[in-house]
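# A look at the structure
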Amino acid sequence: MSYSPILPIDSGRYGTSEVKKIFSEESRLRYMLMVEAAVSKAEGLLKIIPEEASKEICSKCSIEHVSYIMWKDIEKVTMHETASLVEAIVSVVSDKAKPWVHYGLTSNDILDTAQSLQLKDYIKIVERKLEYLISILGSLAEKYSNLPSVGRTHGQHASIISFGQKFAVWANDLLDHLNRLNEIKPRVLVCKTLGVVGSGSVLGAEALKVMQLVGEELGLYPVKAATQVVSRENYAEFIWWCALVGSTLDKIATEFRNLSRTEIDEFEEEFSKDQIGSSAVPSKRNPISCEKVSSLSKLLRSMPLVALENIALWHERDLTNSANERFIIPISAIILDEMIETVCRVLSKMSIKENVVRANIERTKGLIYSEFVLDILIRKGFSRSEAHKILRELSTRCRVEGKEFKEILLKDELVSKFISRDEVDKIFVPENHIEGSKEIIRRTLERIRKEIGSTYS
């Protein structure tokens, strides 16, 4: 009996084909064959194995000669994926070459190095997508740099901020993530060909030379030291990085979900003509894409816990990491890919309601400007605590009486003695309070140009 796909990744619901292809079993075979070929080539160059055997093994380490079906048919008997690969290669080379297949290696030399090749190809894709996302954020920061908006803390109106600063903050966060990724590459993208317990036992003095050549051939970093396996700290760090980026994407999605609340109404996801928001309420337009990002981030943040559990293996290794890594590494990568794609799509097709953004500034009847009134009173000679107390009392009157804060200030005998009408008028112009935001945006755009070369066009 056959079954339809169980996981939403397999059904095509989440993840792009270019990323899922990297982590497919067919690609896994291709990467493993690349490692076997690179090792044979290095051993041939160093005269560890006969040069003729080396060339033949290299020529046969391809899916044209060792097919996925062949590999899996042998595995049904051996119950060992690497041993099955070795048998498959042995079956297609000459008798003279057979003894030299997989020479001096152990299973995880192939598995861990192949996994590094997978991650290397994945990182190229995710770097490109993150750079694209950052360029979108830079463009939006520039577009909305002159739009004053409510800055909220604790969910309450706090002060004035340029709406564009939101995008600038996120762009800087993601640029930091790209820098972190570059920092961890030498630890994550490693090759290991040191045999059964990581001592290079069979290859002896030549072991490190072989690994150096393999690293150069495959574009990987030779591991500095290992047991039978590459230290699982490496993978934990990569998965942690995925979760960290995912949390930033969740932060973006959460902000937009809040801004789409009916009571705020500053943001709206794209909503197509025939799209349905609710089966019960025809008028609903829900921020489902942003909610999907937040949902996936919860799953993504659970992955580092498993990766950390994999670090403490018995002696030179056991298999307690193996089964779960087949889930946590590809799923972390694919989920992050889906989240980046979704946020890019949301940003490219969203609607920012500028008139509502401006109108929301006045929802507190001018109380949002109290910070700037406090600043002027301090400059006029009031102590901070004295000025703070005065404005707290006036703010309470504003709330109780339902009057405009500006009106209450101008009618207050004490305040009006120290602050002129012209000064009050300037305070209550929101554009007068976003110069700091605009400078932050300008510096962000310069950083983006410097680090990824985007022009935002």
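To start, this report covers the structure provided alongside it. Since the structure is predicted, the reported quantities are computational estimates derived from the model, not experimental observations. (Residues numbered from 1 in each chain as written. Predicted model: local features only at pLDDT ≥ 70, side-chain atom pairs only at ≥ 80, totals over all residues. Heavy atoms only, no water.)

### Looking at the packing of aromatic side chains
Under the defined criterion, the tally for this structure stands at 15 aromatic pairs. For the ring pair phenylalanine 167 and phenylalanine 256, a centre distance of 6.2 Å and an interplane angle of 45 degrees mean the geometry is tilted. In this pair, phenylalanine 167 is assigned in helix 8 (residues 163-188) and phenylalanine 256 in helix 10 (residues 233-259), connecting sequence segments 89 residues apart. Accessibility expressed as a relative area gives 0% for phenylalanine 167, which makes it buried. Feature note: the residues Tyr144, Phe163, Phe167, Trp170, Phe256 and Phe267 constitute an aromatic cluster, connected by ring pairs. Its guanidinium or amino end placed over the ring of tyrosine 31, arginine 30 lies 4.7 Å from that ring's centre, counting from NZ or CZ. Seen from the ring of tryptophan 71, lysine 72 lies directly overhead, with NZ or CZ sitting 4.2 Å from the centre. (Phe/Tyr/Trp six-rings, centres within 6.5 Å; stacked < 30°, edge-to-face > 60°. Helix = DSSP H or I, 4+ residues; strand = E, 2+ residues; numbered from the N terminus. Buried < 20%, exposed > 50% of the residue type's maximum accessible area, 1.4 Å probe, protein only. Lys NZ or Arg CZ within 6 Å of the ring centre and 35° of its normal.)

### Brief notes about the side chain of serine 107
The residue serine 107 is located in helix 7 (residues 107-143) in this model. Setting aside residues up to four positions removed in sequence, serine 107 forms contacts with His80, Thr82 and His102. (Contact = heavy atoms within 4.5 Å.)

### A few points about the environment of arginine 447
With respect to the element layout, arginine 447 can be found in helix 19 (residues 435-452). Residues arginine 447 and aspartate 112, spaced 335 residues apart in sequence, show a C-alpha to C-alpha distance of 36 Å. Ignoring anything within four residues of it in the chain, the contact list for arginine 447 reads Asn172, Leu175, Asp176 and Asn179.

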